[in-house]
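Residues per chain, in single letters:
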Protein chains: 2
Amino acid sequence: MKYKEVNAEIIGIGSELLLGHIVNTNARYLSRQLSKIGVDVFRQAVVGDNAQRIKDAVETALERADIVITTGGLGPTVDDITVKSITDSMGRALVLDEKILGSIKRFFKERSLKMHDYVIKQAYVPEKSISIRNPVGTAPGIIIEYGQKTIVVLPGPPRELIPIFEKYVTQYLSDKYHLNTTIFTRTIRTVGVPESHINRRIKKYLAMRRPVTVGIYARINEVDIKITAKAKSERGAVRKIKKVENELLKILGDMVYGFDDDSLESVVAEKFRRKGLRLSVAESCTGGLISSRITDVPGSSRYFERGYVTYSNRSKVTELGVKETLLKKCGAVSRRVAIAMAEGAMVKSGSEVALAVTGIAGPSGGTKEKPVGLVHIAMATKGKTISVERRFLASRQDFKRMVSNAALDILRKQC
Amino acid sequence: MKYKEVNAEIIGIGSELLLGHIVNTNARYLSRQLSKIGVDVFRQAVVGDNAQRIKDAVETALERADIVITTGGLGPTVDDITVKSITDSMGRALVLDEKILGSIKRFFKERSLKMHDYVIKQAYVPEKSISIRNPVGTAPGIIIEYGQKTIVVLPGPPRELIPIFEKYVTQYLSDKYHLNTTIFTRTIRTVGVPESHINRRIKKYLAMRRPVTVGIYARINEVDIKITAKAKSERGAVRKIKKVENELLKILGDMVYGFDDDSLESVVAEKFRRKGLRLSVAESCTGGLISSRITDVPGSSRYFERGYVTYSNRSKVTELGVKETLLKKCGAVSRRVAIAMAEGAMVKSGSEVALAVTGIAGPSGGTKEKPVGLVHIAMATKGKTISVERRFLASRQDFKRMVSNAALDILRKQC
């Protein structure tokens, strides 16, 4: 088949999506994966567990797209009608797939669970289709050839959909359509600078057209800049992107902490590992979040010594040696107490670097002098201790996230 | 207008959705909000910043739905073509809304930012439409009457969309369509029991039809059961739901930890507050996550004393008094060390209850005797110490989540 641009439409099936009970993460996942193999997605749709609407959605999609991917509605209950609806709309018959039935029986046996009759429904597939065994569940993925077009029927739960798509469907589509382009995206990750500020600085890049486009995505006090290009190979796309990336990096400077899948904690982890330093953390208002983020990174035990969640004032005194007189004089949320916490943690733990945060997460606890959102962050090393004061107006959980970002960013810049 | 069932379709506009750069949280938010005012959603769609596809999507939706809500594509750049596309498809003219232009100018003035000419585009709206000032941005929300139908055009960023929808659109739609029903959902939250197990136990309820339906949603070692009913009032819906809820609670028993917005940590917080107990936590493999979850709950300082993140073996010895000989003999991940950690934390902190976890988060660090996923959890009180051993086969982050769930659940059941 001669190469041509191929496009796909994604149809999410399930009343839970229409009731707003869950977020449609499958649409995002599939769009990204299709991007990587150079397939454009021009439309996504969501319908409920309704035979007529499922048929309409699939039939309409087949008029416009080369590949139609459905997710959901493959369970064993009476509400799960995806397979039957699609099979009916194609005028085919449902047939029992003995191999899939066998793997479903094995699934229950391996888990010492009784297999009920209604589950057998999941082994029925359209005639002349390809079934893909579900490695973590029972419903198979199904590929249906429709001339030059392809219908891919996937289970709804992401942990079932993802392995089926990655291990089988991607390769199948690449082979069938001789896919030889890729849509490649490079993400530049920044922290601590508002989106509007970055927007102004890189305005001309945001207006760029093909072959390279630039988009800006705000998160909780982080901003991602995504550079996207379509090319025949990843190398070709990367070449197109590199020039823009280098120009952007010159403009953005120090606010950039990493790329793509980097997180602040993974970047800090790398620094500490490389320099052979050990870290301890003393947290009050972040309540353990900083330590938890640091230990999300595999291998963090190589540089993370220990964490103190000194939530009460008493614990700041007994665990970190903060003087009671200092607490009384300056209050727990003060520059001097943050410094005392950091230096106390460093001495007690024996680590080369210690971080401390103390602040007011809200919603209550603030005063006129020390409002909700105020935080002091200190970093102690053998040579010196530095401290900063910040204010984050946000919900309690966002506040914790922003403070942990600011604290990790200090480690990134100072160590 | 006589009461009749009203339905809506949601159309997300934006290439970032089709590239899979972001998740469509607006679709979920709007679906839930529409549910609350009794409006069914039968379809959702997503298209890119393409005039023809936007027009097609809106026109098709208008054939099937009473209300069409679009999100996104209201920015000031050349890619933002939602308003023009919709206006063209209705055969109307774009007119300058002077009030909106004034509020846009004020927006920039208040922030001491220069207002560029291209932003003026955002003040152009379809003739005979209603503009809604954006309280945190510049693009207005727009309501277009189309006979008995209504088109609602909203900005993409959730922090702009939500206040516009909540403060104006909800009331507008309720008034126009004399909405007097509500779709009410009650969520029963369970922990620690697999979805398949619960599925089997409540099978007949999952098969129920209107007026009450029951759905089951698996999360990371938690399962939510959602009971949904449509009625003329919240009270009427609750009455219909109550009967089913009570029957389900009898069947589910102790695995139920709460309802609706409850979290394990909020339920534990309530217990501790009521009983006047104080808690300390000693964590190894969860790295601070348990303390962080506990302190996510406002007012947790009333019962949460302190947390120890004893990530290194040395810190278990020096902070919690765990004997070096015990560590050498049994290893850090053992029942006896978990007990020693909990009792050490209780004594040192002076709290009435102390929790400890020690385990192997992976991906490395496991052995044949002590595989990745193994964890020991202990809870110490003045009277006794209990401990459990569990295994969680999951990614590093999921493992931490599951262990913190198991630990909090022990507090819930034992205290």
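Fair warning: this is a prediction, and the values are worked out from it, not measured in the lab.

Cut-offs and rules
- Residues numbered from 1 in each chain as written.
- Chains lettered and ligands numbered in written order.
- Predicted model: local features only at pLDDT ≥ 70, side-chain atom pairs only at ≥ 80, totals over all residues.
- Heavy atoms only, no water.
- Helix = DSSP H or I, 4+ residues; strand = E, 2+ residues; numbered from the N terminus.
- Contact = heavy atoms within 4.5 Å.
- Lys, Arg positive; Asp, Glu negative; His and termini not counted.
- Charge placed at Lys NZ, Arg CZ, Asp CG, Glu CD.
- Expected span 1.5 Å × (residues − 1).
- Buried < 20%, exposed > 50% of the residue type's maximum accessible area, 1.4 Å probe, protein only.
- pLDDT = per-residue confidence, 0-100.
- Buried area = accessible area lost by both parts, 1.4 Å probe.
- Salt bridge = Lys/Arg side-chain N within 4 Å of Asp/Glu carboxyl O.
- Polar contact = N/O pair within 3.5 Å; in protein donor to acceptor, adjacent residues only side chain to side chain.
- Nonpolar A, V, L, I, M, F, W, Y, C, P; charged D, E, K, R; others polar.
- Pairing = 2+ DSSP bridges.
- 1 Å grid on protein atoms, 1.4 Å probe; cavity = no way out; pocket = protein on both sides within 12 Å on 5 of 7 lines; lining within 4 Å.
- Points joined across faces, edges and corners; volume = space filled by probe spheres on them.
- Least-squares fit on C-alpha atoms with pLDDT ≥ 70 in both.
- Axes fitted to C-alpha atoms, helices over the stretch in contact; angles between N-to-C directions.
- Bend = angle between axes of the 7 residues up to and from the residue.
- Phe/Tyr/Trp six-rings, centres within 6.5 Å; stacked < 30°, edge-to-face > 60°.

Quick word on the overall build of chain A
Alright, step 1. Summing up its helical and strand segments, chain A has 15 helices and 17 strands in all.
Alright, step 2. Once the C-alpha set of chain A is aligned to its principal axes, its extents read approximately 80 × 55 × 40 Å.
Alright, step 3. Within chain A, contacts between residues separated by at least 24 positions form 69% of all contacts whose residues are at least 6 apart in sequence.
Alright, step 4. One finds the centroid of the 69 positive side-chain charges in chain A at a distance of 7 Å from the centroid of its 44 negative side-chain charges.

What to know about helix 14 (residues 335-349) of chain A
Residues and elements named next belong to chain A.
Alright, step 1. With 15 residues, helix 14 ought to run about 21 Å at 1.5 Å a step, and its terminal C-alpha atoms sit 21 Å apart, in line with that.
Alright, step 2. Burial in helix 14 covers these residues: Val337, Ala338, Ile339, Ala340, Met341, Ala342, Gly344, Ala345, Met346 and Ser349.
Alright, step 3. Gly350, located one to two residues past helix 14, shows a positive phi value of around 80 degrees.

Some thoughts on the confidence of the model for chain A
Note: predicted coordinates in regions of low pLDDT should not be interpreted at a detailed level.
Alright, step 1. On average, residues of chain A carry a pLDDT of 93, and 99% of them reach 70 or more.
Alright, step 2. Across the whole predicted complex the pTM is 0.86, and at the interface the ipTM reaches 0.85.

A look at unusual backbone geometry
Alright, step 1. Put simply, Gly362(A) and Pro363(A) share a cis peptide bond, and its omega is 5 degrees.
Alright, step 2. Topologically, Pro363(A) is positioned in the loop between strand 15 (353-359) and strand 16 (374-381).
Alright, step 3. Although it is not a glycine, Lys128(B) adopts a positive phi angle of roughly 60 degrees.
Alright, step 4. Summarising the element assignment, Lys128(B) is placed in the loop between strand 5 (124-126) and strand 6 (130-132).
Alright, step 5. Residue Asn221(B) is not a glycine yet carries a positive backbone phi of 45 degrees.
Alright, step 6. By the element assignment, Asn221(B) lies in the loop between strand 10 (212-218) and strand 11 (222-231).

Notes on the environment of Phe42(B)
Alright, step 1. Relative to the helices and strands, Phe42(B) resides in strand 2 (residues 40-47).
Alright, step 2. In this structure Phe42(B) comes out as partly exposed when scored by relative accessible area, which is 26%.
Alright, step 3. In this structure, Phe42(B) is in contact with Leu18(A), Val46(A), Val47(A), Gly48(A), Arg53(A), Asn7(B) and Ala8(B), ignoring residues within four places of it in sequence.

Remarks on the interface of chain B and chain A
Alright, step 1. Each partner contributes to the interface: chain B provides 71 residues, whereas chain A provides 69 residues.
Alright, step 2. When chain B packs against chain A, the two sides together hide about 5,900 Å² of surface, and 49% of this comes from carbon and sulfur.
Alright, step 3. In this assembly, chain B and chain A are joined by eight salt bridges.
Alright, step 4. Between Glu305(B) and Arg314(A) there is a salt bridge; the shortest N-O distance is 3.9 Å.
Alright, step 5. For the pair chain B and chain A, the interface holds 48 residue pairs in polar contact (both at pLDDT 80 or more).
Alright, step 6. In terms of residue count, strand 2 of chain B provides more of the side of chain B that touches chain A than any other element does, seven residues in total.
Alright, step 7. Residues that form the side of chain B that touches chain A fall into these classes: 24 nonpolar, 27 polar and 20 charged.
Alright, step 8. By the bridge criterion, three bridges tie strand 14 (residues 304-309) of chain A to strand 14 (residues 304-309) of chain B in an arrangement that is antiparallel. When the bridges of strand 14 of chain B are listed, Val309(A) appears paired with Gly307(B).

Focus: empty space enclosed by the protein
Empty space among the atoms can be located by rolling a probe the size of a water molecule over them.
Alright, step 1. Scanning the model with the defined rule gives two cavities of 30 Å³ or more in all.
Alright, step 2. What the largest cavity holds in volume is close to 150 Å³.
Alright, step 3. If you go around the largest cavity, you meet 18 residues; those closest to its centre are Asn24(A), Val46(A), Asn24(B), Ala27(B) and Gln44(B).
Alright, step 4. Elements with a minimum of two residues in the lining of the largest cavity: helix 2 (25-36) and strand 2 (40-47) of chain A together with helix 2 (25-36) and strand 2 of chain B.
Alright, step 5. For the lining of the largest cavity, a count of residues per class yields 12 nonpolar, four polar and two charged.

What about the relation of the copies chain B and chain A?
Alright, step 1. Rotating chain B by 179 degrees about the axis while translating it 0.6 Å along that axis superimposes it on chain A, leaving an RMSD of 0.7 Å. What we have between these two chains is a two-fold relation.
Alright, step 2. The overlap is high: 97% of the interface residues of chain B also sit at the interface in chain A, so the same surface is used on both sides.

A look at the side chain of Thr190(A)
Residues and elements named next belong to chain A.
Alright, step 1. As for its placement among the helices and strands, Thr190 is situated in strand 9 (residues 182-191).
Alright, step 2. According to the relative accessible area criterion, Thr190 is buried, its value standing at 0%.
Alright, step 3. Among the polar contacts listed, one links the side chain of Thr190 to the backbone oxygen of Val223, at a separation of 2.8 Å.
Alright, step 4. Ignoring anything within four residues of it in the chain, the contact list for Thr190 reads Ile198, Glu222, Val223, Ile225, Met255, Val256 and Tyr257.

A look at the pattern of salt bridges
Alright, step 1. Applying the stated criterion to the full structure yields 52 salt bridges over all chains.
Alright, step 2. The shortest N-O distance in the salt bridge between Lys400(B) and Asp296(A) comes to 2.8 Å. Placement of the pair is Lys400(B) in helix 15 (residues 396-414) and Asp296(A) in the loop between helix 11 (289-294) and strand 14, with the two residues belonging to separate chains. Like Asp296(A), Lys400(B) is buried.
Alright, step 3. Salt-bridge contacts for Asp260(B) lead to Arg186(B); the nearest nitrogen and oxygen are separated by 2.7 Å. With Asp260(B) in the loop between strand 12 (256-259) and helix 10 (264-275) and Arg186(B) in strand 9 (residues 182-191), the pair connects residues that are 74 residues apart, well separated along the chain.
Alright, step 4. Connected via shared salt-bridge partners are Arg278(A), Glu305(A), Arg306(A), Arg314(A), Glu319(A), Lys348(A), Arg278(B), Glu305(B), Arg306(B), Arg314(B), Glu319(B) and Lys348(B).

Quick word on the sheet that holds strand 12 of chain B
Residue and element names in this part refer to chain B.
Alright, step 1. Strand order across the open sheet formed by four strands is 10-11-9-12, with antiparallel pairing between neighbours. Every interior strand has two partners, whereas the edge strands, strand 10 and strand 12, have only one. Ignoring which end each strand starts from, the neighbouring axes of this sheet average 25 degrees apart.
Alright, step 2. Relative to strand 11, strand 10 is paired through seven bridges, and the arrangement is antiparallel. By the bridge assignment for strand 11, Val214 is matched with Ile227.
Alright, step 3. Here helix 15 sits on the sheet and contacts strand 9, strand 11 and strand 12; the angle it forms with strand 9, its principal contact strand, is near 90 degrees.

Here's the deal with the sheet that holds strand 17 (residues 385-391) of chain A
Alright, step 1. Taking strand neighbours across the sheet as the criterion, the 10 strands line up as 17(A)-16(A)-15(A)-13(A)-14(A)-14(B)-13(B)-15(B)-16(B)-17(B) in an open arrangement whose pairing is mixed. Bordering the open sheet on either side are strand 17 of chain A together with strand 17 (385-391) of chain B, each of which pairs with just one other strand. Strand-to-strand twist of the sheet, defined as the mean angle between neighbouring strand axes without regard to direction, takes the value 10 degrees.
Alright, step 2. Two elements, strand 16 of chain A and strand 17 of chain A, share seven bridges in a ladder whose sense is antiparallel. Its bridge partner lying in strand 17 of chain A, His376(A) is registered against Glu389(A).
Alright, step 3. Of the strands in this sheet, strand 13 (279-283), strand 14 and strand 15 of chain A together with strand 14 of chain B are in contact with helix 12 (residues 313-320) of chain A, which crosses strand 14 of chain B at around 35 degrees.
Alright, step 4. The strands touched by helix 15 (residues 396-414) of chain A are strand 13, strand 15, strand 16 and strand 17 of chain A; relative to strand 16 of chain A, the strand with the most contacts, the crossing angle is about 30 degrees.

Overview of helix 9 (residues 234-252) of chain A
Structurally, the α-helix is built with 3.6 residues per turn, so residues lying three or four positions apart point the same way.
Residue and element names in this part refer to chain A.
Alright, step 1. Over its 19 residues, helix 9 runs 25 Å from end to end, which matches the ideal 27 Å to within 8%, given 1.5 Å per residue.
Alright, step 2. Residue Ile241 marks the point of greatest curvature in helix 9, where the axis turns by about 30 degrees.
Alright, step 3. All of the buried residues in helix 9 are Gly236, Ala237, Ile241, Val244, Glu245, Leu248 and Leu252.
Alright, step 4. Buried residues belonging to helix 9 abut strand 9, helix 7 (195-201), helix 8 (203-206), strand 10 (212-218), strand 11 (222-231) and strand 12 (256-259).

As for the packing of aromatic side chains
Alright, step 1. Enumeration over the complete set of coordinates arrives at 10 aromatic pairs over all chains.
Alright, step 2. Pairing Phe304(A) with Tyr311(B) gives two aromatic rings, centres 5.6 Å apart and planes at 65 degrees, and the pair type is edge-to-face. Taken as a pair, Phe304(A) in strand 14 and Tyr311(B) in the loop between strand 14 and helix 12 (313-320) lie in two separate chains rather than in one.
Alright, step 3. Take Tyr311(B): its relative accessible area is 14%, and that puts it in the buried class.
Alright, step 4. On the numbers, 5.6 Å between centres and 75 degrees between planes, the contact of Phe107(B) with Phe108(B) is edge-to-face. The pair formed by Phe107(B) and Phe108(B) is uniform in burial state, with each residue classed as buried.

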